[in-house]
Protein chains: 2
Amino acid sequence: MEQTLTFSIQDYLKNIYELTDSGEPATTTALAERLGIAPASVTGMVQKLSTAKPPLLKYRKHQGVMLTNEGQRAALEVIRHHRLLEAWLVKTLGYSWDEVHNEAEKLEHVISEDFEKRIAAAMGNPERDPHGEPIPSEDLVMPDDESVALVNLESKQEAVVCRVEAQDTDLLKHLEGLGLVIGAHVKTLEVSRYDQVMQLQVRGRKEAVVLGPAVTSRVYVEVVA
Amino acid sequence: MEQTLTFSIQDYLKNIYELTDSGEPATTTALAERLGIAPASVTGMVQKLSTAKPPLLKYRKHQGVMLTNEGQRAALEVIRHHRLLEAWLVKTLGYSWDEVHNEAEKLEHVISEDFEKRIAAAMGNPERDPHGEPIPSEDLVMPDDESVALVNLESKQEAVVCRVEAQDTDLLKHLEGLGLVIGAHVKTLEVSRYDQVMQLQVRGRKEAVVLGPAVTSRVYVEVVA
DNA sequence: AATATAATTTAGGTATTCCTAAATTATTCT
DNA sequence: AGAATAATTTAGGAATACCTAAATTATATT
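Note that this is a predicted model, so its numbers are computed, not measured. (Residues numbered from 1 in each chain as written. Chains lettered and ligands numbered in written order. Predicted model: local features only at pLDDT ≥ 70, side-chain atom pairs only at ≥ 80, totals over all residues. Heavy atoms only, no water.)

(A) Summary view of the overall build of chain A. Looking only at helices and strands, one finds seven helices and seven strands in chain A. Starting at the N terminus and ending at the C terminus, chain A contains elements arranged as α-α-α-β-β-α-α-α-β-α-β-β-β-β. At a minimum sequence separation of 6, the contacts of chain A that also span at least 24 residues come to 61%. Of the accessible surface of chain A, which amounts to about 11300 Å², a share of 50% is contributed by carbon and sulfur atoms. (Helix = DSSP H or I, 4+ residues; strand = E, 2+ residues; numbered from the N terminus. Contact = heavy atoms within 4.5 Å. Areas by Shrake-Rupley, 256 points an atom, 1.4 Å probe, with all protein chains shown as cover.)

(B) Representation of helix α6 (residues 113–122) of chain B within the structure. Within α6 of chain B, the full set of buried residues consists of Phe115, Glu116, Arg118, Ile119 and Ala120 of chain B. One or two residues past the end of α6 of chain B sits Gly124 of chain B, with phi positive at roughly 75 degrees. (Buried < 20%, exposed > 50% of the residue type's maximum accessible area, 1.4 Å probe, protein only.)

(C) Seen up close, the packing of aromatic side chains. Evaluated as defined, the whole model comprises three aromatic pairs over all chains. Ring geometry for Trp88 of chain A against Trp88 of chain B: centres 4.8 Å apart, planes inclined by 45 degrees, an arrangement best described as tilted. Here Trp88 of chain A is found in helix α4 (residues 69–93), whereas its partner Trp88 of chain B is found in helix α4 (residues 69–93) on a different chain. On the accessibility criterion, Trp88 of chain A (3% relative accessible area) is buried. Residues Trp88 of chain B and Phe115 of chain B carry aromatic rings whose centres are separated by 5.7 Å and whose planes lie at 90 degrees to one another, so their mutual orientation is edge-to-face. Of the two residues, Trp88 of chain B is situated in helix α4 and Phe115 of chain B in helix α6; the sequence distance between them amounts to 27 residues. Accessibility classification places Trp88 of chain B together with Phe115 of chain B in one group, the buried group. Over the ring of Tyr95 of chain B we find Arg118 of chain A; its NZ or CZ atom is 3.9 Å from the centre of that ring. (Phe/Tyr/Trp six-rings, centres within 6.5 Å; stacked < 30°, edge-to-face > 60°. Lys NZ or Arg CZ within 6 Å of the ring centre and 35° of its normal.)

(D) Broad picture of the protein's contact with DNA strand C. In the region of DNA strand C, 22 residues are neighbours, and Ser41 of chain A together with Thr29, Thr43, Gln47 and Tyr59 of chain B sit closest. Among all atoms of DNA strand C positioned within 4 Å of the protein, those belonging to sugar or phosphate total 87%. Lys48 of chain A places a polar side-chain atom, nitrogen or oxygen, 2.7 Å from a phosphate oxygen of DNA strand C. Elements that contribute at least two residues to the surface near DNA strand C include exactly α3 (39–50) of chain A together with α2 (28–35) and α3 (39–50) of chain B. (Near = heavy atom within 4 Å. Polar contact = N/O pair within 3.5 Å; in protein donor to acceptor, adjacent residues only side chain to side chain.)

(E) Molecular detail of the protein's contact with DNA strand D. Around DNA strand D, the structure places 22 residues, and the nearest of them are Thr29, Thr43, Gln47 and Tyr59 of chain A together with Ser41 of chain B. Counting only atoms of DNA strand D within 4 Å of the protein, the fraction found in sugar and phosphate groups is 87%. In this structure, Phe7 of chain B approaches DNA strand D through a main-chain N or O atom, which is 2.9 Å from a phosphate oxygen. Here a phosphate oxygen of DNA strand D and a side-chain polar atom of Tyr12 of chain B are 2.8 Å apart. Looking at the surface near DNA strand D, the elements with two or more residues in it are α2 (28–35) and α3 of chain A together with α3 of chain B. Looking at the surface near DNA strand D, its residues break down into nine nonpolar, 11 polar and two charged. (Nonpolar A, V, L, I, M, F, W, Y, C, P; charged D, E, K, R; others polar.)

(F) Geometry of the relation of the copies chain B and chain A. Take chain B, turn it by 180 degrees, move it 0.0 Å along the axis, and it overlays chain A with an RMSD of 0.1 Å. Each copy turns onto its partner about a two-fold axis. Across chain B, the smallest distance between a C-alpha and the rotation axis is recorded for Leu107 of chain B, namely 3.4 Å. By residue overlap, the copies meet face to face through one surface: 100% of the interface positions of chain B are interface positions in chain A. (Least-squares fit on C-alpha atoms with pLDDT ≥ 70 in both.)

(G) Focus on the interface of chain B and chain A. Taken residue by residue, the interface counts 28 residues in chain B and 28 residues in chain A. Summed over both partners, the interface of chain B with chain A comes to about 2300 Å²; 63% of that surface belongs to carbon and sulfur atoms. Area buried by chain B at its contact with chain A is led by Met1, Leu93 and Arg118 of chain B, which between them contribute 30% of it. Seen at the junction of chain B and chain A, the total is two salt bridges. (Buried area = accessible area lost by both parts, 1.4 Å probe. Salt bridge = Lys/Arg side-chain N within 4 Å of Asp/Glu carboxyl O.)

(H) Spotlight on the pattern of salt bridges. Applying the stated criterion to the full structure yields 18 salt bridges over all chains. Two residues, Arg83 of chain A and Asp129 of chain A, come together in a salt bridge whose shortest N-O distance is 3.9 Å. You can see Arg83 of chain A sitting in helix α4 and its partner Asp129 of chain A sitting in the loop between α6 (113–122) and β3 (159–164), a full 46 residues away along the chain. Here Asp114 of chain B ties to Arg118 of chain B by a salt bridge, and the two come within 3.3 Å at their closest N and O atoms. With a gap of four residues between them, Asp114 of chain B and Arg118 of chain B both fall in helix α6, about one helical turn apart.

(I) Region of interest: the packing of helix α1 (residues 9–19) of chain A against α2 of chain A. All names here are of chain A. Remark: α1 packs on α2, axes separated minimally by 10 Å, with the N-to-C direction vectors making an angle of 120 degrees. If you check the angle between α1 and α2, you find them oblique. For the element pair α1 and α2, the recorded crossing hand is right-handed. On α2, the residues that touch Tyr12, Asn15, Ile16, Glu18 and Leu19 of α1 are Ala30, Leu31, Arg34 and Leu35. (Axes fitted to C-alpha atoms, helices over the stretch in contact; angles between N-to-C directions. Parallel < 35°, antiparallel > 145°, perpendicular 65-115°, else oblique. Left-handed = near helix turned anticlockwise from the far one by under 90°.)

Dropping the structure here:
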């Protein structure tokens, strides 16, 4: 007599977040394996989440998924819950580092923001969990924005990011630091950022090859080859 | 973008437990009101829970529901979780008595037995929650048993419990203390007990008028009228 | 006791999230 | 480049927990 257990939206977002930390889109198959369900089921859910209002992720057939900033915010909230909980359980209930995970995995979905703040405060707002993983702070992700076409590349051309519009010099440094190269087939691009995560998104053309969450700043590129 | 929230089996059991603490069966309508859903929905769920293996409750059309001992065990586990959590949140996170309820309401369903033991131990195994409600201890409810016909009454007859089989003198005192009278139409009966809760069950005849969870001891009665 | 009213269940329908099998699309190999 | 293979999506179906409206059963009134 068990309640049918299905995955929450939070579970999907968290796992997508973890799968995409390289900056590469997550495939439906990889996500399916992680969750232990059939790939077809993931396809369906991903289609739903990508057309939600607001969209929690961007999805392109056969390409994979990337979180929107909204999706990232939700994912990071859960991760923050998880890591704070782990730290707290270890500290107050004598759990060992390896024991806390499953407990936190369940609690992370149900605690309130108030609860989160209380345990964070009770521990002096720690920056890392017992495993040494950083605990993401709140308000790290920028709001989503409408995407805008920026630059056109011919097929097979490559380009390097050279300028970021507006005041976002931070983002520019980030791009330059990565020596980011935009691959061929790219027609228009948008850039989004969170921590080391750098994602490129292309839309509106069938030859698009990269995709990402949502635009946060306009970016200009120089054609290379 | 919200996950559809439906009631868990635990929610049903807990609410039935609370509705039946008088010993009277809970009506589907009362349960529906408590949960904020349509009576028809409760009927369906109750039918399912009563035919589960093992059955978590006994249900008779138009009569209402009572928990089986198995159902009571599950309900008390959740209640124990709830009260321990309330006590713990108040003690360790500075929650006030009125704030803890909602938080505990969510946590109670997801914590492990290990977690439960840890917070109980951390507080020195308290017997009451911050509201003064007793925290049920584990292993309070007896296992379910196959029911057996014990005595036959003619229609309209009444009877008083006079003897309880085997060593259970405690139960006997309990029955006598209540001056329990078995109503008319009763053909065979079984008795179950938890704390002040006393339930009667009748089966196998369409004229049955009382119902209860499951038998725990044989009981003999004397015909009165 | 017969009828009116209220409570409850049944029947049929919706939405959700999973499944499997078939069809499609992408990738790899020769 | 073409064929074989692998990855992914589509289509159709199952289970669950809710809903509303209609049918039934119980209760109250006269």
